[in-house]
Amino acid sequence: MSDIHFDQLLDVTDFNCPMPLLKAKQALRHMHKGAVLQVVATDAGSVRDFSVFIEHSGHEMLERYESEQYYYYFIRKN
């Protein structure tokens, strides 16, 4: 597990592509600049989706890792 402080946790383990990313975008929209969103997903497609999103969004991926069937993302809103 990561030691990164996060301001909001988004559990999208029951969702498949594209819902994890859409839910994360919605959550980030309502967060203040500099806040950190932790996303927990089970959809393997989320790895690609979040990578592309971060590349084009201006937000920062602080950390991404996998544990068993889970994917964890820590995103700082910019």
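If you're wondering where the values come from, they're calculated on a predicted model, not measured in any experiment.

Q: Help me understand the sheet that holds strand β2 (residues 36–41), please; the structure alone is not making it clear to me.
A: Strand pairing in a sheet relies on backbone hydrogen bonds, with the paired strands running either antiparallel or parallel. Spatial strand order, β1-β2-β4-β3: four strands in an open sheet with mixed pairing. Looking at the sheet topology across the chains shown, the edges are occupied by β1 (8–12) and β3 (60–67). Ignoring which end each strand starts from, the neighbouring axes of this sheet average 15° apart. Bridge count between β3 and strand β4 (residues 70–76): seven bridges; the pairing is antiparallel. Its bridge partner lying in β4, Y65 is registered against Y72. In this fold helix α1 (residues 19–29) packs onto β1, β2 and β4, with an angle of close to 160° to the strand it touches most, β1. Running at roughly 10° to β4, helix α2 (residues 46–57) makes contact with β2, β3 and β4 of the sheet.

Q: Explanation requested: the side chain of S46 in the structure shown.
A: In this fold, S46 is placed in helix α2. A polar contact is formed between the side chain of S46 and the side chain of Y73, at a distance of 2.7 Å. Discounting chain neighbours no more than four positions away, the residues touching S46 are A41, Y71 and Y73.

Q: What am I meant to see in the nonpolar core here?
A: Among soluble globular proteins, nonpolar side chains are generally buried collectively. Formed by 17 residues in total, the largest nonpolar core has its most connected members in L10, L37, V39, F50, Y73 and I75. For this core, the secondary-structure elements that each account for two or more residues are β1, α1, β2, α2 and β4. For this core, the element with the most residues is α1, which contributes four residues. Apart from the residues within four sequence positions on either side, L37 is in contact with Q8, L10, A24, A27, L28, M31, Y73, F74 and I75. V36, V40, Y65 and F74 belong to the second-largest nonpolar core, a separate cluster that totals five residues.

Q: Teacher, can you tell me more about the packing of aromatic side chains here?
A: Aromatic rings considered in pairs are described by the distance between their centres and by the relative angle of their planes. Applying the stated criterion to the full structure yields five aromatic pairs. Look at F6 and F74: their rings are 6.2 Å apart centre to centre, the planes differ by 55°, and that puts the pair in the tilted class. One end of the pair, F6, is in the segment before β1; the other, F74, is in strand β4, and 68 residues separate them in sequence. Using a relative accessible area of 2% as the deciding quantity, one classes F74 as buried. Centroid distance Y65 to F74: 6.4 Å. Interplanar angle 15°. Geometry classified as stacked. For Y65, a relative accessible area of 16% translates into the label buried. A connected cluster of aromatic rings, assembled from ring pairs, spans F6, Y65, Y70, Y72 and F74.

Cut-offs applied
Residues numbered from 1 in each chain as written. Predicted model: local features only at pLDDT ≥ 70, side-chain atom pairs only at ≥ 80, totals over all residues. Heavy atoms only, no water. Pairing = 2+ DSSP bridges. Helix = DSSP H or I, 4+ residues; strand = E, 2+ residues; numbered from the N terminus. Axes fitted to C-alpha atoms, helices over the stretch in contact; angles between N-to-C directions. Contact = heavy atoms within 4.5 Å. Polar contact = N/O pair within 3.5 Å; in protein donor to acceptor, adjacent residues only side chain to side chain. Core = buried A, V, L, I, M, F, W, Y, C linked by side-chain atoms within 4.5 Å. Buried < 20%, exposed > 50% of the residue type's maximum accessible area, 1.4 Å probe, protein only. Phe/Tyr/Trp six-rings, centres within 6.5 Å; stacked < 30°, edge-to-face > 60°.

Purely geometric stuff here, so don't read any function into it on its own.
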